[in-house]
Amino acid sequence: MSSTIRHAALTGLAYAADYIDRFGWHPCEPDNHLDLWSHLNVAAGKAALEYDKRTDDVNGLMGYLLAQQLETHRLHDWEAEPGRTGEEVRAALTAAAGLTVSTPQAT
């Protein structure tokens, strides 16, 4: 794996965490655009542009890194668990990005 795509994925995870702070989070529901996947997709596109990488590649690696952090490949089920909070989702993204304190501001 190239270090550039890894940097793009880590940046994308940080952006997704920032989007949760800025726009909120709600579990997967029809017509909901504030779920984890929506944030990941937008963040992957932004990071891919910055690093001149394919969005699908960045998004795929972001999902893989998040799954490794959570120790599950069933991210939809994890997100939909009753009682799940936006702070837990943000914390998982932050941890997967390797951040401990703050995330960059995504514009």
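Up top is the structure.
A brief structural summary. Since this is a predicted model, take the numbers as computed values, not measurements.

**Notes on unusual backbone geometry**
Working step 1: The phi dihedral of Asp-52 falls on the positive side, at around 55°, and the residue is not glycine.
Working step 2: Tracing the chain through its elements places Asp-52 in the loop between helix H2 (36–51) and helix H3 (55–70).
Working step 3: Residue Asp-52 is classed as exposed on the basis of its relative accessible area, which comes to 69%.
Working step 4: Phi at Glu-71 takes a positive value of approximately 60°, unusual for a residue other than glycine.
Working step 5: Relative to the helices and strands, Glu-71 is located in the loop between H3 and helix H4 (75–80).
Working step 6: For Glu-71, a relative accessible area of 73% corresponds to the exposed category.

**Comments concerning the nonpolar core**
Working step 1: Grouped together as the largest cluster of nonpolar side chains are 30 residues, with contacts concentrated most on Leu-13, Leu-36, Leu-40, Val-58, Met-62, Leu-66 and Leu-93.
Working step 2: Among the elements of the structure, helix H1 (3–23), H2, H3, H4 and helix H5 (86–96) are those that each provide at least two residues to this core.
Working step 3: With 10 residues, the top contributor of residues to this core is H1.
Working step 4: The contact partners of Leu-66, leaving out residues within four places of it in the chain, are Leu-36, Leu-40, Leu-75, Ala-92, Leu-93 and Ala-96.

**Observations regarding the packing of aromatic side chains**
Working step 1: On inspection of all chains with the given rule, the structure shows 1 aromatic pair.
Working step 2: For the pair Tyr-19 and Phe-23, a centre-to-centre distance of 6.0 Å together with 45° between the ring planes defines the contact as tilted. One end of the pair is Tyr-19 and the other is Phe-23, both in helix H1 and 4 residues apart, which spans about a single turn.

**Some words on the pattern of salt bridges**
Working step 1: Considering all chains together, one arrives at 8 salt bridges under this definition.
Working step 2: A salt bridge links Arg-22 to Asp-18, with the nearest nitrogen and oxygen atoms 3.4 Å apart. Of this pair, Arg-22 and Asp-18 both sit in helix H1, 4 residues apart, roughly one helical turn.
Working step 3: Residue classification places Asp-18 among the buried residues on the basis of a relative accessible area of 2%.
Working step 4: With a shortest N-O distance of 2.7 Å, Arg-90 and Asp-21 are connected by a salt bridge. Remark: Asp-21 occurs in helix H1 and Arg-90 occurs in helix H5; sequence separation between them is 69 residues.
Working step 5: What makes Asp-21 partly exposed here is its relative accessible area of 45%.

**With respect to the packing of H1 against H2**
Working step 1: It is the contact of H1 with H2, at a shortest axis distance of 8 Å, that shows an interaxial angle of 135°. Between H1 and H2, the angle is such that the two are oblique. The two elements H1 and H2 cross, and the hand of that crossing is right-handed. Along the contact surface, H1 presents Thr-4, His-7, Ala-8, Thr-11, Gly-12, Leu-13, Tyr-15, Ala-16, Tyr-19, Ile-20 and Phe-23, while H2 presents His-39, Leu-40, Val-42, Ala-43, Lys-46, Ala-47, Glu-50 and Tyr-51.
Working step 2: A per-class count over the contact of H1 with H2 returns 12 nonpolar, 5 polar and 2 charged.

Calculation criteria
Residues numbered from 1 in each chain as written. Predicted model: local features only at pLDDT ≥ 70, side-chain atom pairs only at ≥ 80, totals over all residues. Heavy atoms only, no water. Helix = DSSP H or I, 4+ residues; strand = E, 2+ residues; numbered from the N terminus. Buried < 20%, exposed > 50% of the residue type's maximum accessible area, 1.4 Å probe, protein only. Core = buried A, V, L, I, M, F, W, Y, C linked by side-chain atoms within 4.5 Å. Contact = heavy atoms within 4.5 Å. Phe/Tyr/Trp six-rings, centres within 6.5 Å; stacked < 30°, edge-to-face > 60°. Salt bridge = Lys/Arg side-chain N within 4 Å of Asp/Glu carboxyl O. Axes fitted to C-alpha atoms, helices over the stretch in contact; angles between N-to-C directions. Parallel < 35°, antiparallel > 145°, perpendicular 65-115°, else oblique. Left-handed = near helix turned anticlockwise from the far one by under 90°. Nonpolar A, V, L, I, M, F, W, Y, C, P; charged D, E, K, R; others polar.

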